Amino acid sequence: MDLFDYMRQQNMETESPLAKRLRPTTLDEVVGQSHIIGKDKLLYRAIQADKLSSVIFYGPPGTGKTTLAMVIANTTSREFKQLNATTAGKKDMEEVVKEAKELNGMYQKKTILFIDEIHRFNKAQQDYLLPFVEDGTITLIGATTENPYFEVNGALISRSHIFQLEALKKEDIMVLLKRAVYDTEKGMGAYGASITDEALDFLADMAEGDARNALNAIELGILTTEPDASGALVIDLHVAQECIQRRAVKYDKSGDNHYDTISAFIKSMRGSDPDAAVYYLARMLNAGESVTFVARRIMICASEDVGNADPQAIQVAVACAQAVERIGMPEAQIILAHAAIYVASAPKSNSIVNAITDAMSAVQQEPHDPVPVHLRDAHYGGARKLGHVGYQYAHDFPNHYVRQQYLPDNMVGRQFYVASDNGYEGSIKAYFDKIKGHEA
């Protein structure tokens, strides 16, 4: 390293964002994530003993994935290399692997490779790493905000421990904010600032578990706030509100949180909880989710989970889908809420789903006997010669019903649609009992 490189590194350490400067260097400095780095936990023991095997850290932004990697870098006796998947390519990985082989061959020294945003590597790039992870040339540490079971090569997954990091608790964020304000070495203690309890509580709450978001806000507040008449630099509630004007949105339209939220929305409608349904709807709309996407999910739920228990549910859902395309936001939120609450409040039945699932299974797995001759088309001249006779017209009989064979021979007696007792479907069940001569 020459003089210019040294000076540049020193400047980066003093002028880099607060969130980076405040990053812990030891496990004892880490705040939160006690479920994986508590002193009795596997990860804590493995890091302390420098016996870490390949791991993948998975969790939302600002929860400490890179922080843990840096702690490992400061703890391990192994060579530590870092790549970011957004900028690195195969050539960069080849260079790391080459150096790792040389170090191991010459000095029996192992190498840890930390790859941030590992989900951004394509399949071929991930495949390249596999043999070197398997033979121990490198120990892999991957960090991702996306569900690794969807985004990371299954072979890498099977050779790694997955550790899921959670959004930091409000109390954890408050600890970090105090450290940021008063720590004179890594924090901004040299400014002599103070923070009120109200401001501390507000920033910790608005950060939504994202430490980086909270630290960026407090850094902005301290750097832009003028001292009061007494010369004190106070971060009060007013300053805090100016520094973070909107609650952090944990929602990526193509990411894990997107699927978790839409899943909760659907399950709330299915579970007949209109309050939860409209809440998750609001979260999606607040994050900018497509109104047409939400409308499609409501339509599916109206058939899948309500069905004939309330046949009007699909009509409401379809009308909603058509309306939001014509109207758009913000008024579309009212229409979506109308449909979501209606579907959530409707009686439920999945008899239709069971019917089509069983029927599809029968069609795909069992022989296809011919259509009964009396049901075949008899509207052309030679139909009778082919034996297409014997059909009984239902409207000629009492209750407009006549018992005759409709299913193919090998399906006779099979029942695919079993009406429930819920809502209008109970009337359907009673109707079948009546026309078939059974007691309701």
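Above this text is the structure in question.
None of the values given here were measured: they were computed from a predicted structure.

Cut-offs and rules
- Residues numbered from 1 in each chain as written.
- Predicted model: local features only at pLDDT ≥ 70, side-chain atom pairs only at ≥ 80, totals over all residues.
- Heavy atoms only, no water.
- Core = buried A, V, L, I, M, F, W, Y, C linked by side-chain atoms within 4.5 Å.
- Buried < 20%, exposed > 50% of the residue type's maximum accessible area, 1.4 Å probe, protein only.
- Helix = DSSP H or I, 4+ residues; strand = E, 2+ residues; numbered from the N terminus.
- Contact = heavy atoms within 4.5 Å.
- Phe/Tyr/Trp six-rings, centres within 6.5 Å; stacked < 30°, edge-to-face > 60°.
- Disulfide = S-S within 2.5 Å.
- Polar contact = N/O pair within 3.5 Å; in protein donor to acceptor, adjacent residues only side chain to side chain.
- Pairing = 2+ DSSP bridges.
- Axes fitted to C-alpha atoms, helices over the stretch in contact; angles between N-to-C directions.
- Parallel < 35°, antiparallel > 145°, perpendicular 65-115°, else oblique.
- Left-handed = near helix turned anticlockwise from the far one by under 90°.
- Nonpolar A, V, L, I, M, F, W, Y, C, P; charged D, E, K, R; others polar.
- Salt bridge = Lys/Arg side-chain N within 4 Å of Asp/Glu carboxyl O.

Peer 1: Tell me about the nonpolar core, and name the residues and values.
Peer 2: In this structure, Ile 173, Leu 177, Ile 195, Leu 203, Leu 215, Ile 218 and Ile 235 are the most contacted members of the largest nonpolar core, which totals 32 residues. Elements represented by at least two residues in this core include exactly helix H2 (18-21), helix H10 (170-182), strand E6 (193-195), helix H11 (197-206), helix H12 (211-224), strand E7 (233-235) and helix H13 (237-243). Residue contacts for Leu 203: discarding those within four places in its chain leaves Leu 177, Ile 195, Ala 217, Ile 218, Ala 240 and Ile 244. Formed by 31 residues, the second largest nonpolar core is a distinct cluster that contains Leu 285, Ile 335, Ala 340 and Ala 344.

Peer 1: Any details on the packing of aromatic side chains? Residues and values, ideally.
Peer 2: Counting across every chain of the model gives five aromatic pairs. A centroid spacing of 6.3 Å and a plane angle of 45° characterise the contact between Phe 57 and Phe 163, whose relative ring orientation is tilted. A residue pair is termed long-range when its members are at least 10 positions apart, and Phe 57 in strand E1 (residues 55-58) and Phe 163 in strand E5 (residues 161-164) qualify at 106 residues. Exposure remark for Phe 57: the relative accessible area of 0% places this residue in the buried category. Ring geometry for Tyr 431 against Phe 432: centres 5.9 Å apart, planes inclined by 45°, an arrangement best described as tilted.

Peer 1: Would you mind going over the state of the cysteines in detail, with residue names and values included?
Peer 2: Within the structure shown, the criterion is met by zero disulfides. For Cys 301, which is in no disulfide, the shortest distance to another cysteine sulfur is to Cys 320 and amounts to 12 Å.

Peer 1: How would you sum up unusual backbone geometry? Please name residues and give values.
Peer 2: That bond from Met 329 to Pro 330 is cis: its omega, 10°, falls within 30 degrees of zero. You will see that Gln 108, though not glycine, has its phi angle at about 55°, which is positive.

Peer 1: Which residues make up the environment of His 368, and what values do they have?
Peer 2: Here His 368 shows up in the loop between helix H19 (351-365) and helix H20 (423-435). The exposure class of His 368 is exposed, given its relative accessible area of 60%. As a C-alpha pair, His 368 and Pro 408 span 40 residues in sequence and 7.8 Å in three-dimensional space. One polar contact links the side chain of His 368 to the main-chain carbonyl oxygen of Val 363, over a distance of 2.6 Å.

Peer 1: If you had to explain H11 to someone new, which residues and values would you point to?
Peer 2: Of all the positions in H11, only Ala 199, Leu 200, Phe 202, Leu 203, Ala 204 and Met 206 are classed as buried. The elements touched by buried residues of H11 are H10, E6, H12, E7 and H13. At the exit of H11 stands Glu 208, carrying a positive phi of roughly 55°.

Peer 1: Quick rundown of the pairing of E1? Include the residues and the values.
Peer 2: The two faces of the sheet receive side chains in turn, since in a regular strand these alternate between them. The two faces of E1 match: Val 55 and Phe 57 on one face and Ile 56 and Tyr 58 on the other face are all buried. Pairing of E1 with strand E4 (residues 138-144), which is carried by four bridges, proceeds in the parallel orientation. Pairing of Phe 57 across the sheet is with Ala 143, part of E4. Here E1 runs beside E5; their pairing, made up of four bridges, is parallel. Counterpart to Tyr 58 in the pairing with E5 is Gln 164.

Peer 1: So, the environment of Ala 69: which residues are in play, and what are the values?
Peer 2: With respect to the helices and strands, Ala 69 occurs in helix H5 (residues 65-75). As for Ala 69 and Asp 116, which are separated by 47 residues in sequence, their C-alpha atoms are 9.3 Å apart. Dropping the residues within four chain positions of it, Ala 69 is found in contact with Phe 57, Phe 80 and Phe 114.

Peer 1: So what about the packing of helix H15 (residues 274-286) against helix H18 (residues 332-345)? Which residues, and what values?
Peer 2: Put simply, H15 and H18 touch, their axes get as near as 9 Å, and they point 150° apart. Taken as axis vectors, H15 and H18 run roughly antiparallel relative to one another. For H15 against H18, the interelement crossing comes out right-handed. Across from Pro 274, Ala 277, Val 278, Leu 281 and Leu 285 in H15, the residues of H18 making contact are Gln 333, Leu 336, Ala 337, Ala 340, Ile 341, Ala 344 and Ser 345. Split into classes, the residues belonging to the contact of H15 with H18 amount to 10 nonpolar, two polar and no charged.

Peer 1: Go over the pattern of salt bridges with me, naming the residues and quoting the values.
Peer 2: Within this structure, the stated rule accounts for 13 salt bridges. The residue Lys 81 makes a salt bridge to Glu 79 at a minimum N-O spacing of 3.8 Å. One salt bridge connects Asp 421 with Lys 429, and the closest N-O pair in it is separated by 3.2 Å. Among the residues examined, Lys 429 registers a relative accessible area of 32% and is labelled partly exposed. Overlapping salt bridges bring together Glu 79, Lys 81, Glu 99 and Lys 109 as one network.

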